[in-house]
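Observations on chain architecture
Residue-level listing of the chains:
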Amino acid sequence: MTGFRARTLKLAALFFSPVFLVWMTVGWLSSYVVSAVWTNEAFGTFVGELSGSRALKIMCASFLVCGAGNLVRASRARLKTGTLYFLLWVILPAGLLLYGTAFFLSLSSRQAGNMILGEGDPFKPPWSSAEYRVSKINLGMPDKFLDIDFEKGSGIFQYEPRITLQNGLGAESTVGAFPPASYDGTYFHILNFGIAPKVTVKEVGVVISESYAPLRIIVPGTTDNLSIPTVPFRFQIGMEPVRIIEKGSVKAAEFSLHSPRYSIRVYDGEKIIAEKRGVGELQFDRFEVLLGEPAAWVQVEAVRDPWHMLLVAGLLMTAAGALIRLVGGVVTVYRKLFVE
Amino acid sequence: MSQFVVSDALLAGFRETARGGILYLVFLSYASLTQRKYLLAPFFLGISVAFLTGLSAPYITALLPLKGAVGNLISGSFALFFIFSCAALLQSSELPLFEPFRLIRISDFFYRIATLFLAVLFFLPEATGTGFAAAETALMREGAFVVYFSLAAGAAAGGILIFPLGRLTFVRKAGEVFDVPQILLLCAILKLFGSGMKGIEQITLIPSVQAGLMKFFHDFVHQNFVLFMVPDHMLLRTTAWNFIGIFFGANFALFVSLLLLLSVPLFFLYRKLLREPVVPAVSDAPATGAVIRKLRHAVLSERRKKAAPVIFFVFLIVTSWYVRGGQTSPRLYNPAPKPLVADNGLVRILISDPTMDLKDGRIHKFSLAHQGKNIRILVVRKPDSRFSVCLDACEICPPEGYGQKEDLLVCIYCNTPIPVRTLGRPGGCNPIPLEAASDNSFISIKLDELLKKTALVNAGKSGEPGR
């Protein structure tokens, strides 16, 4: 028993030694370099395999445990030099360890999905029992906007959309683009937004399709494609200016979000068979198509990541620790070179 | 016989001998001063094996697969030497890396085998690259004699220039400052500055190493954006993206990649130059102040000697890194598109005409006016000699297109670097690939394909991971 205990302690001492940590780092570097040279996508491969490969998870966990053991051992030695000095020293390695652990746990267990939603749409993340409904969408854009003003937004985001989420109990909360908002253990944020014109298609006078089509056409000059399952043609839709404003030499096109004018082209294969700019029905073949008042849509990403806050804390600690070390390092080098 | 063949083969021969000669002189001095001259035999055996294998590889069927792996072997061997040198530098920095192996008795035989292995690892990749490049040139120009004679003449010139340096006193005493870590670092440096991914054509490995490190840094930052749920740049205004783009910019990546590369050598220098030395005890009796000062001076002097080559290498890397970075960062090559027309549903691009050659490895842009829309196409010949034909736009950014910087295409909107060799992968910030056919004269793209893929621009629809 004593021999077994001694051997275990010896192994533990080796596992938690700085030398073993450095050897593991050398091993990681070597495997990364080999992967980078031969596959060109070493980081992507690593991230992709981390969620599936048990061997990789064990290696990562061993590396982190070894790092934690080393930190504890080094901390005990550092504590003898004084509490303040220890605290200033420990922030960087503890931050790195926290960040590395959260990075590993997050990649291993993260679940995410995104969906395009309109006002009133219900949704339920697959990992959650809670159901939500988008009670309101605010695109964050004025109804009328000029093409020349498009790049002159204010704040961090050009136009930050916001939605109001309602849970099953009727409680409402707001979600924007960044930072993500957390409700019931799930993070939500908006990835994209736009308008969805109501598209009505009639065949020989009978309505065969009527739905809102989410399109990416807000940026002036862009068009998006639309296919309707029961119609053997492809539609290319864009936004047209509602009026042109000329002041001196400046000319600008004004667009409207709530009452937009559209351009629509109908393709049979790659051949244009009909097109129209402005309001009203477009007739072609035996069909009629009408673009009506739009609704707003948002693409919402829902993420279940229990380690997100740990990741944020790790990053902040690492940044603070690096700054402290940088200042401390400069002072030490200055003292060594010029004072002593 | 063209001047091209002669000068290229001369340069390759000279390069190989110069690299080998410098390493030999340093190793000879080290072996002499440390009583390890028995290591010279495996060193020369390694050189012989490497060059016989490398130069004969193009003519031995079993070794022909090496051709496709030469670039990877060169990069990989540099990385291995650099990692070996880092491990040795750490050991030398009083971090007893090899402590767990102290109980293993290491015989001279082990050192001989290690020397043989390292010599083969050092010389084989470049020798193979030179061998294949020389064989191809000889085949194309139908003049094997002149090519191999030029190669030998270059090697002789290198030998004449390098080997007499061995008589100089400071070269003979190089072993005083070069220990194992410094010799391994010298091997890595010689590979960094004296190797190329393209055999004869390219001299230095620095662009490849820079690109690899920048790619790692870019991927790491992007993964963090995903984990921190920062929305992609469809939603961000240009100025915000310009700020975030600093992390993807060439200068930032250049600095961080340099820091990654130099972290261990700088740690070694810190330990050697700034750490208070531990004066070894000479006897059980307490040493007098004079003896301690004398010992301290000896330890410091030894440390400074061993640090000198590392300082020189750090200086060399920093200088060349920024000289290359400074040269390349303003030069984003973005040619004006040449107009194309569609004919019978087909767009055809001439591979070579008096004004351009698509096979030159540079980015070429074309534009097609179609029903009021201007569709831009880019064509690059990849290092594997295949053409990559893509739209000059991606699925994420506003379609401002790409410029070329060395072996990278760079998104003009968001600064994302895309290695040329990875072109053809869809999704993310990669240029949207097009299906195209090519013969000796033309690259042909179906108009349907062009229009279909144009719908993906700035739409983020393919759903495939990219970047």
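Remember, predicted model here, so these are calculated numbers, not experimental data.

Comments concerning the confidence of the model for chain B
Residues and elements named next belong to chain B.
- Here chain B averages 80 in pLDDT, and 85% of its residues register 70 or above.
- The secondary-structure element of chain B with the lowest mean pLDDT is helix H9 (residues 238-244), recorded at 68, while helix H2 (residues 40-56) shows the highest, at 92.
- In this model residues 197-201 is a low-confidence stretch, pLDDT under 50, and it forms 13 contacts with partners more than four residues away in sequence or in other chains.
- Below a pLDDT of 50 lies the segment residues 326-330, which in the model reaches five contacts outside its immediate sequence neighbourhood of four places, other chains included.

Quick word on the sheet that holds strand E13 (residues 250-256) of chain A
Residue and element names in this part refer to chain A.
- Taken in spatial order, the three strands of this open sheet run E4-E13-E12, and their pairing is antiparallel. With one partner strand each, in any of the chains shown, strand E4 (144-146) and strand E12 (243-247) form the two edges of the open sheet. The mean inter-strand angle of the sheet, taken between neighbouring strand axes irrespective of direction, is 30°.
- In this structure, E12 lies alongside E13, joined through five bridges in antiparallel fashion. By the bridge assignment for E13, arginine 243 is matched with glutamate 254.

Examining a nonpolar patch on the surface
- Among the surface-exposed residues, A:Leu323, A:Leu326, A:Val327, A:Val330 and A:Val331 lie close enough to one another that they form a single nonpolar patch of about 480 Å² accessible area.
- Assignment of secondary structure puts A:Leu326 in helix H6 (residues 308-339).

Quick notes on the packing of aromatic side chains
- Scanning the model with the defined rule gives 39 aromatic pairs over all chains in all.
- Arranged with centres 6.5 Å apart and planes meeting at 50°, the rings of A:Phe43 and A:Phe46 form a pair that is tilted. Residue A:Phe43 and its partner A:Phe46 are both found in helix H3 (residues 42-50); the two are separated by three residues, about one turn of the helix.
- The buried category is assigned to A:Phe43, whose relative accessible area is 6%.
- Its relative accessible area of 23% is what places A:Phe46 among the partly exposed residues.
- Note on A:Phe235 and A:Phe284: the rings are 5.9 Å apart at their centroids and 70° apart in plane angle, and the pair reads as edge-to-face. Here A:Phe235, found in strand E11 (residues 234-240), pairs with A:Phe284, found in strand E16 (residues 282-284); they are 49 residues apart in sequence, far enough to count as distant. You'll find A:Phe235 and A:Phe284 in the same group, each marked buried.
- Among the aromatic residues, ring-to-ring pairing joins B:Tyr24, B:Phe27, B:Tyr30, B:Phe43, B:Phe44, B:Phe51, B:Phe81, B:Phe84, B:Phe122, B:Phe123 and B:Phe163 into one connected group.
- Positioned over the ring face of A:Tyr267 is A:Arg234, at 4.4 Å from the centre of the ring.

Thoughts on the pattern of salt bridges
- Following the criterion strictly, the structure yields 18 salt bridges over all chains and no others.
- A:Arg286 serves as the salt-bridge partner of A:Glu203, at 2.6 Å between the closest nitrogen and oxygen. Of the two residues, A:Glu203 sits in strand E8 (residues 186-203) while A:Arg286 sits in the loop between E16 and strand E17 (287-304), which places them 83 residues apart along the sequence.
- For A:Glu203, a relative accessible area of 21% gives the class partly exposed.
- In this structure, a network of salt bridges that share partners links the residues B:Arg15, B:Glu16, B:Arg19, B:Glu126 and B:Lys191.

Considerations on the interface of chain A and chain B
- Across the contact, 57 residues belong to chain A and 43 residues belong to chain B.
- For the pair chain A and chain B, the summed buried area comes to about 4500 Å², and 65% of that belongs to carbon and sulfur atoms.
- For the pair chain A and chain B, the number of links is four residue pairs in polar contact (both at pLDDT 80 or more).
- Elements that contribute at least two residues to the side of chain A that touches chain B include exactly helix H2 (18-39), H3, helix H5 (83-109), E8, strand E10 (223-227), strand E14 (261-268), E17 and H6 of chain A.
- The element that contributes the greatest number of residues to the side of chain A that touches chain B is H2(A), accounting for eleven residues.
- For the side of chain A that touches chain B, a count of residues per class yields 34 nonpolar, 14 polar and nine charged.

Considering the sheet that holds strand E6 (residues 364-370) of chain B
All names here are of chain B.
- One open sheet accounts for four strands, arranged E1-E6-E7-E8; its pairing is mixed. Looking along the sheet, the strands with just one partner apiece sit at the ends: strand E1 (338-340) and strand E8 (387-391). Mean inter-strand twist for the sheet, computed between neighbouring axes without regard to direction, equals 30°.
- With seven bridges connecting them, E6 and strand E7 (residues 373-381) associate as antiparallel partners. The partner of histidine 364 across the bridge, within E7, is valine 379.

Rules and cut-offs
Residues numbered from 1 in each chain as written. Chains lettered and ligands numbered in written order. Predicted model: local features only at pLDDT ≥ 70, side-chain atom pairs only at ≥ 80, totals over all residues. Heavy atoms only, no water. pLDDT = per-residue confidence, 0-100. Helix = DSSP H or I, 4+ residues; strand = E, 2+ residues; numbered from the N terminus. Contact = heavy atoms within 4.5 Å. Pairing = 2+ DSSP bridges. Axes fitted to C-alpha atoms, helices over the stretch in contact; angles between N-to-C directions. Patch = residues over 30% accessible without salt bridge, like charges linked within 9 Å, V, L, I, M, F, W, Y side chains within 5 Å. Areas by Shrake-Rupley, 256 points an atom, 1.4 Å probe, with all protein chains shown as cover. Salt bridge = Lys/Arg side-chain N within 4 Å of Asp/Glu carboxyl O. Phe/Tyr/Trp six-rings, centres within 6.5 Å; stacked < 30°, edge-to-face > 60°. Buried < 20%, exposed > 50% of the residue type's maximum accessible area, 1.4 Å probe, protein only. Lys NZ or Arg CZ within 6 Å of the ring centre and 35° of its normal. Buried area = accessible area lost by both parts, 1.4 Å probe. Polar contact = N/O pair within 3.5 Å; in protein donor to acceptor, adjacent residues only side chain to side chain. Nonpolar A, V, L, I, M, F, W, Y, C, P; charged D, E, K, R; others polar.

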